[in-house]
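Read off the chains here:
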Amino acid sequence: MGTIQTILILLILIVLSSVLHKYMPSISLPLFQISLGILAGILPFGITFHLDTEVFMLLFIAPILFMDGKQISNRELWNFRNPILLMALGLVFSTILICGPVITRLIPGLPLAAAFALAAVLSPTDAVSVKAISNKIKLPHNIITIVEGESLLNDASGLVAFNFAIAAQLTGDFSIKDATLSFLYIAIGGALFGAVATYFINLFTGKLKAMGIEDATVYTLIQIITPFAVFLIADELGLSGILAVVVCGIIISISRPQRFTTQEANINYISEGAWSTLLFVLNGLVFLLLGMELSTAFGKEVMDKQISTLTDISYVLVISALLILIRYIWAYFFLGREEGSRKRNSLLISLSGVRGALTLAACLSIPFTLNNGSPFPKRDLMLFISGGVIIVTLLIANIVLPLICPKTEDDSRQLELDATKKVIQAAIDLIKSEMNDDNRQAAFSIITHYERLLSENSNTRTLKFASDEWRKEIEIFMTGLVAEKEEIKRLLENNTYKKEALLRIGRSLDIVQRRLERRRPVKSILPVFLHKPETGFFLKKHKFLHQDEMVLAKRHTTKIAIEAIWKTVTPENEVAAKRAIDHYLSILEVFNKRFLGEDGKVYADKKRQLQISAIQAQKVKVQELLELGEISYTTAGQLRKNIGLEEAALFEEDVS
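All of these numbers come straight from a predicted model, not from anything done at the bench. (Residues numbered from 1 in each chain as written. Predicted model: local features only at pLDDT ≥ 70, side-chain atom pairs only at ≥ 80, totals over all residues. Heavy atoms only, no water.)

A. Spatial organisation of the overall build of the protein. Across its full length, the protein carries 26 helices and zero strands. When the 656 residues of the protein are sorted by exposure, 52% land in the buried category. Put simply, the protein shows about 29,200 Å² of open surface, and 62% of that area lies on carbon and sulfur atoms. (Helix = DSSP H or I, 4+ residues; strand = E, 2+ residues; numbered from the N terminus. Buried < 20%, exposed > 50% of the residue type's maximum accessible area, 1.4 Å probe, protein only. Areas by Shrake-Rupley, 256 points an atom, 1.4 Å probe, with all protein chains shown as cover.)

Have a look at this one:
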């Protein structure tokens, strides 16, 4: 099967895994994707995709770790630097030194150097897998920070030790001094290179902005290229590409301005959308490819008649238990005094040590033969054990962890509700602080909108914008759309306005209708913006074509939509109807003020600047709540998505 067909099938499997996860949310998405990957590997589809370690690290791990570095809380990374470094360095090397001799005694015929190589490849946790688990399970905030920070940094130490162990097995020669110096050069050099590369990237983008280049897609492309270029160059220099991209992401996050200009906010919005899609695909491909490689590794070892499969499985279980025990002891003596119960925290940390695709990818790089031409000892068994440990740690994290750290749904919703209120209040406070005589009218308009949302969420334990409210709101919006489209037909028949203007309004309505029909329910902070792309799309695309006619016609159809909605109001849908009407009134405000005189344009510009400031204030508040430990990474991600809806609508409404 060709490469293009293979990639297409993998993308289809990613979509299928998301559908399955929607109907069975108790099972984590990575498990679905690994299962589908295993299925694709064993069925006679002809799907083959060799997981070359260097290519895998460049194409998948580099961009994922880069974004993890950008998104992790810099303040908490610094506050928890000691436990993170103890886990990323001390625990990795301790695991190797303990597990190596145990593995060589456990598995007959496995040399000590090969056993150290297996221990090294199993010692680091996988950032992709850890992130996937932390998004699903409500772990204590301090533990999430430690485990995620550890997974960003421990790959370098584990891979360096792995490479030296493999070299020792191949050549029979090993030097502690050379290994130590090499590790310092690779790790420290990689981190320094990441910092220097970030400086020049920021300098370059600053020069572009000074030259007047303001195309948001250009800066988005630079951001996407950055992790690949940084990793590739660092790797060519013999440095740790992993640490380079992580440090690059962290410094870019630190150097991000606290207040965005309109152009910077636009760049940020576009880049976040691009990265969101890219990371979704890359994460899905990582777990699918992992499943495919696991099917191959398991198949080879199962077919080996010299050793029973049950014996292989016993090796997997014993080594997995040993890894968990070492993590527990390490956490108990070095980290257990963090917030909360010492035993409980140690247990949570030990069970959160999920291994992933990086472990198997590194293991696949083990050569087939030694320097003397003889086969590498127990290579297939090492692959089988690596794959087995990955599956065991994933299953434990998905099955056991939720039982240890339960959280009621009501508590989770209340936490999200409280966070939503704080985020909305942050926007209100910011607008009030920036209000003056020049922008007072625009500020009052925005504050009134936010305060209404805050009031509606003040007396309930569930968010107002759950899926049932969402469906009611969409139904109401569709009522207004249908009424507008019917009015467009009538106006065309009566030749009331220019035909081309009416047809373009109708096409804009068709686009909005398709968006609403395919939009999934979300708990939006500002759902009133859900439908606003219509205004921006309509005005942006047709600024110079029969503008007066289009403004008059759109004002007319908007009033028709409001009348149609009023006729459908019932006690059950009253809240949703009021939101829809409020939306249509905001459209009238746009047309009445932005396109009817210079004063209206000045008003619109002031309102837009305040809206951008409000959006940025909400983002800062989310990060602050995350760093204070008041919300989880999952809740922070949901709030950021909600803010993204508001941001998307604002920029689609822009007229340039």
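B. Main features of the environment of Lys619. Mapped onto the elements, Lys619 comes out in helix α25 (residues 598–627). As a C-alpha pair, Lys619 and Gly644 span 25 residues in sequence and 9.5 Å in three-dimensional space.

C. Region of interest: the packing of aromatic side chains. Applying the stated criterion across every chain yields a total of seven aromatic pairs. Each ring, one from Phe66 and one from Trp275, has its centre 5.8 Å from the other, and the planes form 40°; the classification is tilted. With Phe66 in helix α3 (residues 53–71) and Trp275 in helix α12 (residues 262–303), this residue pair connects regions lying 209 residues apart in the sequence. With respect to class, Phe66 is no different from Trp275; both count as buried. For the ring pair Tyr332 and Phe333, a centre distance of 5.3 Å and an interplane angle of 85° mean the geometry is edge-to-face. Grouped by ring-pair contacts, the aromatic residues Tyr328, Tyr332 and Phe333 constitute a single cluster. The ring of Trp78 is capped by Arg81, whose NZ or CZ atom sits 4.0 Å from the centre of that ring. (Phe/Tyr/Trp six-rings, centres within 6.5 Å; stacked < 30°, edge-to-face > 60°. Lys NZ or Arg CZ within 6 Å of the ring centre and 35° of its normal.)

D. Structural view of the packing of helix α5 (residues 81–106) against helix α13 (residues 309–334). Relative to each other, α5 and α13 sit at 145°, their axes nearing to 10 Å. With respect to the hand of their crossing, α5 and α13 are arranged in right-handed fashion. Note on element contacts: α13 touches α5 through Tyr315, Val318, Ile319, Leu322, Leu323, Ile326, Arg327, Trp330 and Phe334, opposite Leu86, Met87, Gly90, Leu91, Ser94, Thr95, Ile98, Cys99, Val102, Ile103 and Leu106. (Axes fitted to C-alpha atoms, helices over the stretch in contact; angles between N-to-C directions. Left-handed = near helix turned anticlockwise from the far one by under 90°. Contact = heavy atoms within 4.5 Å.)

E. Examining the pattern of salt bridges more closely. One pass over the full model with this rule turns up five salt bridges. Between Lys489 and Glu486 there is a salt bridge, with the nearest N and O atoms lying 4.0 Å from each other. Of this pair, Lys489 and Glu486 are both found in helix α20 (residues 467–494), three residues apart, which corresponds to roughly one turn of the helix. The class for Glu486 is partly exposed, based on a relative accessible area of 45%. Measuring nitrogen to oxygen at the nearest pair gives 2.6 Å for the salt bridge that ties Arg490 to Glu487. Note that Arg490 and Glu487 are positioned in helix α20 at a spacing of three residues, about one turn of the helix. (Salt bridge = Lys/Arg side-chain N within 4 Å of Asp/Glu carboxyl O.)

F. Molecular detail of a negative patch on the surface. A grouping of Asp52, Glu54, Asp235 and Glu236 is seen on the molecular surface, where their side chains present a negatively charged patch. Turning to its location among the elements, Asp235 is positioned in helix α10 (residues 216–236). Since its relative accessible area comes to 32%, Asp235 is described here as partly exposed. (Patch = residues over 30% accessible without salt bridge, like charges linked within 9 Å, V, L, I, M, F, W, Y side chains within 5 Å. Lys, Arg positive; Asp, Glu negative; His and termini not counted. Charge placed at Lys NZ, Arg CZ, Asp CG, Glu CD.)

G. Quick look at the side chain of Ser151. Looking at the secondary structure, you find Ser151 in helix α8 (residues 141–171). When near neighbours in sequence (up to four residues on either side) are disregarded, Ser151 contacts Thr125, Asp126, Ala127 and Val130.

H. Broad picture of the environment of Ala167. The residue Ala167 is located in helix α8 in this model. Assessed through its relative accessible area of 33%, Ala167 is described here as partly exposed. With 53 residues separating them along the chain, Ala167 and Ala114 place their C-alpha atoms 9.6 Å apart. Contacts of Ala167, omitting those with residues within four sequence positions, involve Gly172 and Asp173.

I. Spatial organisation of the nonpolar core. Counting residues in each nonpolar core, the largest one holds 115 residues, and the members touching the most others are Ile103, Met382 and Ile385. Residue contributions to this core peak at 12 residues, all from α12. In this structure, Ile488, Leu509, Ala553 and Tyr584 belong to the second largest nonpolar core, which totals 22 residues. (Core = buried A, V, L, I, M, F, W, Y, C linked by side-chain atoms within 4.5 Å.)

J. Region of interest: the confidence of the model for the protein. Of the residues in the protein, 78% reach a pLDDT of 70 or more, and the chain-wide mean stands at 78. Overall, residues 459–467 carries pLDDT values under 50, and its contacts beyond four positions in sequence, including any with other chains, amount to 27 contacts. Low pLDDT (under 50) marks residues 519–544, which in the prediction has 90 contacts with non-local residues, meaning those over four places away or in another chain. (pLDDT = per-residue confidence, 0-100.)

K. Spatial organisation of the side chain of Ser346. Positionally, Ser346 belongs in helix α14 (residues 342–351). A relative accessible area of 0% places Ser346 in the buried class. Side-chain polar atoms of Ser346 contact the backbone nitrogen of Tyr332, separated by 3.2 Å. (Polar contact = N/O pair within 3.5 Å; in protein donor to acceptor, adjacent residues only side chain to side chain.)

L. Broad picture of the packing of α3 against helix α11 (residues 241–254). Between α3 and α11, whose axes approach to 7 Å, the crossing angle comes to 30°. In this structure, the crossing between α3 and α11 has a hand that is right-handed. Contact residues: α3 offers Met57, Ala62, Leu65, Phe66, Gly69 and Lys70, while α11 offers Ile242, Val245, Val246, Cys248, Gly249, Ile250, Ile252 and Ser253. Looking at the contact of α3 with α11 residue by residue, the class counts come to 10 nonpolar, three polar and one charged. (Nonpolar A, V, L, I, M, F, W, Y, C, P; charged D, E, K, R; others polar.)

M. Here's a closer look at a nonpolar patch on the surface. A surface patch of nonpolar side chains, amounting to about 540 Å² of accessible area, comprises Val15, Leu16, Val19, Tyr23, Met24 and Ile27. With respect to the helices and strands, Leu16 occurs in helix α1 (residues 3–23). Its relative accessible area of 37% is what places Leu16 among the partly exposed residues.

N. α8, seen in detail. Between its first and last C-alpha atoms α8 spans 46 Å; for 31 residues at 1.5 Å apiece the expected length is 45 Å, and the two agree. Helix geometry: α8 is bent most strongly at Leu153, by close to 40°. Backbone geometry just after α8 places Gly172 at a positive phi near 75°. (Expected span 1.5 Å × (residues − 1). Bend = angle between axes of the 7 residues up to and from the residue.)

O. Fine view of unusual backbone geometry. A positive phi angle is found at Lys378, which is not glycine, with a value near 60°. With respect to the helices and strands, Lys378 occurs in the loop between α15 (357–364) and α16 (379–399). Classification of Lys378 by relative accessible area gives partly exposed; the value is 35%.

P. How the structure looks around α10. Spanning 21 residues, α10 covers 30 Å between terminal C-alpha atoms, matching the ideal 30 Å at 1.5 Å per step. Approximately 35° is the largest bend angle found in α10, and it occurs at Ile225, with the proline Pro227 only one to four residues beyond. Along α10, the positions that sit buried rather than exposed are Ala216, Tyr219, Thr220, Ile222, Thr226, Pro227, Val230, Phe231 and Ala234. Just beyond α10, the residue with positive phi is Gly238, at close to 80°.

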